[in-house]
There are 2 protein chains.
Amino acid sequence: MTTDATVLDGLDFPTSGLAVGDDVADLLFREARTAAAFTPDEVSDEQLAAVYDLVKWGPTALNTVPLRLLVVRTPDARRRLAAHMNEGNRDRVLEAPVTLVLAADTGFHAHIPTLAPHMAALADALEGQPEQRESMARMNALIQAGYLIVGLRAAGLAAGPMGGMDAQGIDADFFAENGWKSLLVVNVGHVEGAGTHYPRAERLSYAQASLSV
Amino acid sequence: MTTDATVLDGLDFPTSGLAVGDDVADLLFREARTAAAFTPDEVSDEQLAAVYDLVKWGPTALNTVPLRLLVVRTPDARRRLAAHMNEGNRDRVLEAPVTLVLAADTGFHAHIPTLAPHMAALADALEGQPEQRESMARMNALIQAGYLIVGLRAAGLAAGPMGGMDAQGIDADFFAENGWKSLLVVNVGHVEGAGTHYPRAERLSYAQASLSV
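Residues numbered from 1 in each chain as written. Chains lettered and ligands numbered in written order. Predicted model: local features only at pLDDT ≥ 70, side-chain atom pairs only at ≥ 80, totals over all residues. Heavy atoms only, no water.

A few points about helix α1 (residues 22-30) of chain A
Within α1(A), burial applies to A:D23, A:V24, A:A25, A:L28 and A:F29. Looking at the buried positions of α1(A), the neighbouring elements they touch are α7 (130-154) of chain A together with α1 (22-30), α2 (45-55) and α7 (130-154) of chain B. (Buried < 20%, exposed > 50% of the residue type's maximum accessible area, 1.4 Å probe, protein only. Helix = DSSP H or I, 4+ residues; strand = E, 2+ residues; numbered from the N terminus. Contact = heavy atoms within 4.5 Å.)

Considerations on unusual backbone geometry
The phi dihedral of A:V65 falls on the positive side, at around 30°, and the residue is not glycine. Among the structural elements, A:V65 can be located in the loop between α2 (45-55) and β1 (67-72). Phi is positive for B:L62, which is not a glycine, with a value near 55°. As for its position among the elements, B:L62 is in the loop between α2 and β1 (67-72).

A closer look at the pattern of salt bridges
Residues and elements named next belong to chain B. Across all of its chains, the model carries 14 salt bridges over all chains by this definition. With its nearest N and O atoms 2.9 Å apart, the salt bridge here joins R30 to D26. Taken as a pair, R30 and D26 lie in helix α1 at a separation of four residues, close to a single helical turn. What makes R30 partly exposed here is its relative accessible area of 21%. The class for D26 is partly exposed, based on a relative accessible area of 22%. D45 serves as the salt-bridge partner of R73, at 3.2 Å between the closest nitrogen and oxygen. (Salt bridge = Lys/Arg side-chain N within 4 Å of Asp/Glu carboxyl O.)

Observations regarding the UniProt feature "domain: Nitroreductase" (unreviewed entry) in chain A
Under the feature "domain: Nitroreductase" (unreviewed entry), the UniProt entry names residues 33-190 of chain A. Along residues 33-190 of chain A, the helical share is 46% and the strand share 18%, with 12 Å between the first and last C-alpha atoms. (UniProt positions renumbered as here; feature names shortened; annotations may be inferred.)

Concerning the relation of the copies chain A and chain B
Between the two copies of the chain lies a rotation about an axis combined with a shift along it. Of the transformation superimposing chain A on chain B, the axial component is 0.0 Å and the angular component is 180°, with the fit at an RMSD of 0.0 Å. These values place the two chain copies in the arrangement generated by a two-fold rotation axis. When the interface residues of chain A are mapped onto chain B, 100% of them again fall at the interface, so both copies present the same face. (Least-squares fit on C-alpha atoms with pLDDT ≥ 70 in both.)

What to know about the nonpolar core
Counting 99 residues, the largest nonpolar core has A:L102, A:L148, A:L152, B:L102, B:L148 and B:L152 as the members making the most contacts within it. Contact partners of B:L152, with chain neighbours within four places excluded, come to B:L48, B:V51, B:L157, B:A159, B:V186 and B:V188. (Core = buried A, V, L, I, M, F, W, Y, C linked by side-chain atoms within 4.5 Å.)

Digging into the interface of chain A and chain B
If you look at the interface, chain A gives 81 residues, while chain B gives 81 residues. Of the roughly 7,000 Å² buried at the junction of chain A and chain B (both faces included), carbon and sulfur atoms supply 68%. When the buried area of chain A at its contact with chain B is split by residue, A:W57, A:Y206 and A:V213 rank highest and sum to 12% of it. Seen at the junction of chain A and chain B, the total is zero salt bridges. At the junction of chain A and chain B, the tally comes to 26 residue pairs in polar contact (both at pLDDT 80 or more). Elements with a contribution of two residues or more to the side of chain A that touches chain B: α1, α2, β1, α5 (112-115), α7, β4 (180-189), α9 (206-209) and β5 (210-212) of chain A. Both β5(A) and β1(B) contribute to a ladder of three bridges, which runs parallel. Of the residues in β1(B), the one forming a bridge with A:S212 is B:V71. (Buried area = accessible area lost by both parts, 1.4 Å probe. Polar contact = N/O pair within 3.5 Å; in protein donor to acceptor, adjacent residues only side chain to side chain. Pairing = 2+ DSSP bridges.)

Concerning the packing of aromatic side chains
As enumerated under the stated definition, the model contains eight aromatic pairs over all chains in all. On the basis of an interplanar angle of 55° and a centroid distance of 5.9 Å, the ring pair of A:Y206 and B:Y52 is categorised as tilted. With A:Y206 in helix α9 and B:Y52 in helix α2, this residue pair bridges two chains. One exposure class covers both A:Y206 and B:Y52, and it is buried. Their ring planes at 55° and their centres at 6.4 Å tell us that B:F174 and B:F175 sit as a pair that is tilted. With respect to class, B:F174 is no different from B:F175; both count as buried. Taken together, A:F174, A:F175 and A:W180 form an aromatic cluster joined through their ring pairs. Its end group placed over the ring of A:F174, A:R80 keeps NZ or CZ at 4.2 Å from the ring centre. (Phe/Tyr/Trp six-rings, centres within 6.5 Å; stacked < 30°, edge-to-face > 60°. Lys NZ or Arg CZ within 6 Å of the ring centre and 35° of its normal.)

Quick look at the structure:
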């Protein structure tokens, strides 16, 4: 598929302090909302791969890039996943065009010789440290989850991230063999308008959220 | 300050599957690199506030937005922070135009009545659950750390995130009174060219990092 029809012209006058136009700032952050309902339009694997190929470049500690994606499409897989979601999130999983389980790969160290050749010895050192590995994997995959949500929006898609789930149940059902640990479930699709009827919630100001020393 | 000179024209032909132009994709992810050295150009508080005001809109669970920023500028504060960094990261903190300590606010629940009024009762419920609060704060602030790194780049800034530090030492030195927990230290500034001489490291392919069910 092509998204040429939605290409931004980038000519909006940018807000002071930003290097991207207002249209890009709106698409990625300011106007983007957590989607409550999607149009029936499909999301192709090619589009998800384009999002991944964009956000894979985001930095992680030692270039460990431990984020993994379970792409849930089939009716059977949807029902299995929905059973592990909090009640209010079940229909969302059953109805979304596609749902991603964002997970941290506790076996990420096997890729260190490829991803960070100068740290190759670390792969062996981490082999016997499963708790350290899980902590590293979760921390860096969560940072990558932030990149991914921005990347979905950069592809013109809307994201509906949800944390209300039985993460251990998902892990036992889907990841018993590969050691992935589920972090977040994200419904993905297209929206009409804002994709939600909820009013925009408040945010803390920069003055409230920062300290200078 | 204004960054008009670096405004992207957005007219590059976008890569298939994306809704933003190649120039934006390059700025935010594909060409952006973890900075090893910065130019002497300053980073103003106004510019940091513009970045915050962009990324504050990114989604978090229950709109808790627990990410906090310690903005480190003064020589004394730089030296205090550098003392808690791993040896290889000390000079980077001493030499960066500005350094941010990204932290999770374990007292985020005090803001729930403002940020998520329909969940106001949760503020009281969380008061007696410090471990649950810290887990929620860390998870959501890490996702926000991903937004922030993208946001710095959207402002034309380069980021040098570092995890090699004594986080508990930073917390004891800077956050003894406010309950913030340091997650990541990020040097921020302007770069010439790529801002690093390290070759671009490999990434896993979409096929390697995903499973479909």
